[in-house]
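A closer look at the structure
Each chain, written out:
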Amino acid sequence: MSSWEVFGYDAVKAGARAVVGRLNPVLLHFVENCVGCALCEVNCPYTPAGEEYGPVEKAEPLRKIVRGQVFLSARLLPQLFGAKLPRTAEELDRWAELAYRCTNCGLCYTTCPFGIHSGTMISHLRYFLLMSGRVPTLLKMMMDLEVSGNILSAEAFSRVWSELAEKLKGLGVTFDRKGAKYVYLPSLAEALITPGAIVGTAKILNKLGLDWTMPGKPLSVRAPIAGLVGDSEAVLEVTKRVVDYVAEVGASTVVLSDGGYPYRFFRFDAPALLGKPLGFEVVHIVELLHEALKKGGLNLKETDRKVTWHSPCQLGRMSGFIEEPVEVLSSASKNFVKLESHGLFSKCCGGGNGIACVVPPTLEMFEKLLGTRIPVSEREKAFLDKLYKDILVAGKAKVDEIKKSGAQIVVTACVGCVHTLNMTTKAHGVEVEIKTLPEFIADLLPG
Amino acid sequence: MDILNLAIYTLPPYVVALFALGAAYRVSRYIFLSRRAPVKRRSRPASKLLIGLVKTFLDPLIIGARLRKPEFISGLMMLHILGVIPLIFLLGQHVAMFSYWFPPYSVLQPLSIPSSATSSALTLTAPVRPASEMAWSFVGSVWGPLTIVLNGDLLAILAMLGVAYKLGDKVWRAYKRMIHIRPGDFAALLLLLAILVTGFMATHHLPSGDIVTYRLVLGTHIILAEILVVILPFTKFWHFVFGYWYGKLHEWYDLKYRRGAL
């Protein structure tokens, strides 16, 4: 049973202290320099689900926590200076409701006149909530599984991975081969939700003639899944495991096909967390494709099908690959169209930051796969049911864009985006094929 | 010593010193908490990065103009761009006082904005420079006929309307029980409004034309402004000095320079 029913003020206070210990100049700026203009609301995917879900409002609980711990004025006069900790289970639930209406897409960051990234604050708020007993059961299960390192402990997961490994062996893939220059790191989440991305990436890496290998067993559920609740300690543990594995193989480059938070994390955040360079390069498969196409080392068979690109927030806005995927897809389809919001302000699918991974359809998917019921309390169930309604509202703007583009295929590069778009397009009655970039490109590789 | 003499001739050095201490405290926290991350940046052409820098500052303005027009017109244009920014730095009386304490400031004297349309009319029609005990007169403004609209009265009214809009927005959000609304929001806006109103009253010799009242109202205006300067590092007014610049420059560095999101 989840801890959703419990409220302990001591845990709340401990959570507040833990969060404040993470202050750095950037977080301090995010906390203290908001003037409350609320411009961030206009681009947040969750504002259509309720004005109270605008970034300025969602980040306020973290500000209340920090003010009460850090600022003398707020400690002396908490009411006047906006310092507060939740005193009841209902208040804590309300904070959880706000924190799980953020996809950490970064749109508030680029929209804010003061460069405030509310998503970063909300990830710290989620850590506070984790310590206070508010974390979705499924997310907690996945975090624990990832930290344990025994990713294939469940028979169902092991079966899925084995079937995939058989296919890969058929492509001549070698596992855990020491001395390989490239290590491809797919996750369990990809094997479960976008297996085509793994097979497609293997075909592309083979076609590019790279000296590569991959782990015989996944190193993560979707590393670092604990980052979704801001649990730096768990993230560090998983990161070290991945870094050690790559060092053991002796590879100079890690390739990822998941352009969601795993790519952003390993490319930009992990060295900061470790306090030193990783010792290897981190590239996304789109980077290798773009480079090969640019150098003329790869020619694709062009398709006539109308294709568009949904830019995952973590790969585009937060990792800088905005035009590269478009250039790759333009050379793969004669009928490539950009979505209306393409660019730095590309709309979010609505399911990022673990939201799509905890809603009832996902819970049911895992229950079916594992053949067992995942126990969720009534209180948490009510939270998840409302979250599912809101994800469909939050995802509508993207679905409308897709519909308007007239595309037959939406290509993207993030497990979360694929999972979310499958839910939202279906819910809003838009028939379109959702594919990952490696899966789509692999079908167009020359024979 | 009356309140006006206190405000003009005694307090300014103390006000500046307290502001400097507060600002140093705020900035020092950023310095002491800073850590350098060993992250390899994504290579992008310098020209694109430069355009990206300009866009980082412009994008929120464009978004505001497109998607939140009332806030853009009232909050940004009326309150900031046309209101308090030119008023604070260029209103003739302010230029005179700042120049008294900091002589190099008088370099802005030609850009001075007159306090009212009447005084601006003088700049166009007066055949001689008015007699004045001050070291310079307002007649030499470069704004010429523009002072018909570019004058303290009009700009103060726009600024007051802008503050009123912001207050209304805060009241509406507080009514809807949004948790990001704090008493400090109202305190800051009411202080700003009080400064604008007392300044407007002083230039119009309100509520009466006698010298005692005039000195009291003007003295109150300046003292309130000095309070704002002292508390500025600890209020949301800090955005004007630091938050805005640090925030946008950091965003550019993080997203565009480091991650290459152009």
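Note that this is a predicted model, so its numbers are computed, not measured.

Conventions adopted
Residues numbered from 1 in each chain as written. Chains lettered and ligands numbered in written order. Predicted model: local features only at pLDDT ≥ 70, side-chain atom pairs only at ≥ 80, totals over all residues. Helix = DSSP H or I, 4+ residues; strand = E, 2+ residues; numbered from the N terminus. Rg over C-alpha atoms; globule rule 2.2 N^0.38 Å. Contact = placed C-beta atoms within 7 Å. Nonpolar A, V, L, I, M, F, W, Y, C, P; charged D, E, K, R; others polar. Pairing = 2+ DSSP bridges. Axes fitted to C-alpha atoms, helices over the stretch in contact; angles between N-to-C directions. Domains from an automatic or database assignment. Parallel < 35°, antiparallel > 145°, perpendicular 65-115°, else oblique. Left-handed = near helix turned anticlockwise from the far one by under 90°. Core = buried A, V, L, I, M, F, W, Y, C linked by C-beta atoms within 7 Å. Buried ≥ 20, exposed ≤ 12 C-beta atoms within 10 Å, placed from the backbone. Expected span 1.5 Å × (residues − 1). Right-handed = clockwise from strand over helix to strand, strands pointing away. UniProt positions renumbered as here; feature names shortened; annotations may be inferred. pLDDT = per-residue confidence, 0-100. Bend = angle between axes of the 7 residues up to and from the residue.

A few points about the overall build of chain A
Looking only at helices and strands, chain A features 22 helices and 8 strands. Relative to the compact-globule value of 22 Å for 447 residues, chain A shows a C-alpha radius of gyration of 22 Å, a close match. Seen through its C-alpha atoms, chain A measures out along the principal axes to roughly 70 × 45 × 40 Å. A separation of at least 24 residues holds for 81% of the contacts in chain A among residues at least 6 apart in sequence.

Here we look at the interface of chain B and chain A
How big an interface is tends to be stated in terms of the accessible area lost upon association of its parts. In this complex, chain B contributes 38 residues to the contact, which on the side of chain A involves 40 residues. It is helix α9 (residues 238-258) of chain B that contributes the most residues to the side of chain B that touches chain A, 9 residues altogether. Its residues placed into classes, the side of chain B that touches chain A shows 16 nonpolar, 10 polar and 12 charged.

Structural notes on the sheet that holds strand β7 (residues 409-412) of chain A
Two pairing modes exist for strands in a sheet, parallel and antiparallel, and in both the strands are linked by backbone hydrogen bonds. All names here are of chain A. Strand order in the open sheet formed by 4 strands is β6-β5-β7-β8, and the pairing between neighbours is parallel. Each end of this open sheet is capped by a strand with a single partner; those strands are β6 (333-337) and β8 (433-436). Strand after strand, the sheet turns through a mean of 35 degrees between neighbouring axes, direction not considered.

Description of the sheet that holds strand β3 (residues 253-256) of chain A
All names here are of chain A. On the basis of which strands lie adjacent, the open sheet formed by 4 strands has the order β2-β1-β3-β4 and parallel pairing. A single partner strand is all that each edge strand has here, and the edge strands are β2 (212-213) and β4 (281-284). Along the sheet, helix α16 (residues 285-294) makes contact with β3 and β4, crossing β4 at roughly 75 degrees.

As for the domain arrangement of chain A
All names here are of chain A. You can read the domains of chain A as domain 1 (3-134), domain 2 (139-291) and domain 3 (296-442). On a C-alpha basis, the centroid separation for the pair domain 2 and domain 3 is 20 Å. Every contact between the two is made by 32 residues of domain 2 and, on the other side, 31 residues of domain 3. Of all the secondary structure elements, the ones that give two or more residues to the side of domain 2 that touches domain 3 are α12 (188-193), α13 (195-207), α15 (261-274) and α16. Ranked by residues supplied to the side of domain 2 that touches domain 3, first place goes to α13 with 7 residues.

What about the packing of helix α3 (residues 69-90) of chain B against helix α6 (residues 152-175) of chain B?
All names here are of chain B. As a packed pair, α3 and α6 sit with axes 8 Å apart at the nearest point and diverge in direction by 140 degrees. One finds that α3 runs oblique with respect to α6. Like other packed secondary-structure pairs, α3 and α6 cross with a definite hand, here left-handed. Of the residues in α6, those in contact with S74, G75, M78, L79, L82, G83, V84, P86 and L87 of α3 are G152, L155, A156, L158, A159, L161, G162, V163, Y165 and K166. Residues that form the contact of α3 with α6 fall into these classes: 13 nonpolar, 5 polar and 1 charged.

Examining the nonpolar core
With 143 residues, the main nonpolar core has A:A99, A:L139, A:V183 and A:V254 as its most contacted residues. Sort the elements by how many residues they give to this core and helix α9 (residues 118-131) of chain A lands first, with 8 residues. What A:V183 contacts, discounting residues up to four positions off in sequence, is A:W212, A:T213, A:M214, A:V246, A:V249, A:A251 and A:V254. Within the second largest apolar cluster, 26 residues are counted, among which are B:L4, B:A7, B:A156 and B:V217.

Description of the pairing of β6(A)
Two strands pair when backbone bridges link them, and strand β5 (residues 303-309) of chain A and β6(A) are joined in this way by 4 bridges, in the parallel orientation. Counted as the bridge partner of A:V307 is A:F336 from β6(A).

Remarks on helix α21 (residues 415-427) of chain A
All names here are of chain A. In a regular helix each residue adds 1.5 Å, so 13 residues correspond to 18 Å; α21 covers 18 Å between its end C-alpha atoms and thus fits that length. For α21, the set of buried residues is V415, G416, C417, V418, H419, T420, L421, M423, T424 and T425. Tucked into the core, α21 has its buried residues touching α12, α18 (360-370), α19 (378-394), α20 (396-405), β7 and β8. One or two steps after α21, the chain reaches G429, where phi turns positive at roughly 70 degrees.

What to know about the pairing of β3(A)
Residue and element names in this part refer to chain A. As paired elements, strand β1 (residues 182-184) and β3 share 3 bridges and run parallel to each other. Residue Y182 lies in a different strand from β3, and its bridge partner there is T253. The pairing of β3 with β4 spans 4 bridges and is classified as parallel. Counted as the bridge partner of T253 is E281 from β4. For the crossover from β3 across α15 to β4, the handedness is right-handed.

A few points about the packing of helix α1 (residues 9-20) of chain A against helix α4 (residues 60-70) of chain A
All names here are of chain A. Relative to each other, α1 and α4 sit at 80 degrees, their axes nearing to 9 Å. Judged by the inter-axis angle, α1 sits roughly perpendicular to α4. Residues A16, R17, V19 and V20 of α1 lie in contact with α4, whose contacting residues are I65, V66, Q69 and V70. Residues belonging to the contact of α1 with α4 are distributed by class as follows: 6 nonpolar, 1 polar and 1 charged.

Structural notes on the UniProt feature "transmembrane region" (unreviewed entry) in chain B
The residues that UniProt annotates with the feature "transmembrane region" (unreviewed entry) are residues 6-27, 76-102, 142-165, 186-206 and 212-234 of chain B. Counted over residues 142-165 of chain B, helix gives 58% and strand 0%. Its end C-alpha atoms are 32 Å apart.

Looking at the environment of A:G21
Residues and elements named next belong to chain A. Tracing the sequence through the fold places G21 in the loop between α1 and α2 (25-32). For G21, a count of 8 C-beta atoms within 10 Å translates into the label exposed. Spatially, the C-alpha atom of G21 lies 46 Å from that of K294, the residues being 273 residues apart in sequence.

A word on the confidence of the model for chain B
All names here are of chain B. Across chain B, pLDDT averages 89, with 92% of residues at or above 70. By mean pLDDT, the top-scoring element of chain B is helix α2 (residues 46-67) (97), and the lowest-scoring one is helix α5 (residues 117-125) (59). For this predicted complex, the interface score ipTM comes out at 0.94, alongside a pTM of 0.93.

Considering the environment of B:R259
Residue placement: B:R259 occurs in the segment after α9. According to the C-beta neighbour criterion, B:R259 is buried, with 23 such atoms within 10 Å. With sequence-adjacent residues up to four places away left out, B:R259 is seen in contact with A:F268, A:M318, A:S319, A:G320, B:R42 and B:D254.

With respect to α2(B)
With 22 residues, α2(B) should reach 32 Å at 1.5 Å per residue; the first-to-last C-alpha distance of 31 Å fits that figure. A bend of about 40 degrees at B:L58 is the largest found in α2(B), and the proline B:P60 appears one to four places after it. All of the buried residues along α2(B) are B:T56, B:P60, B:I63 and B:G64. The inward-facing, buried residues of α2(B) abut α8 (107-111) of chain A together with α3 and α9 of chain B.

Points about unusual backbone geometry
In this structure, A:P224 follows A:A223 across a cis peptide bond, with omega equal to -15 degrees. With respect to the helices and strands, A:P224 occurs in the loop between β2 and α14 (232-249). Geometrically, the link from B:L206 to B:P207 is a cis peptide bond, its omega value of 5 degrees lying close to zero. Structurally, B:P207 is set in the loop between α7 (183-203) and α8 (211-231). The phi dihedral of B:R177 is positive, around 60 degrees, even though this residue is not glycine. By secondary structure assignment, the location of B:R177 is in the loop between α6 and α7.

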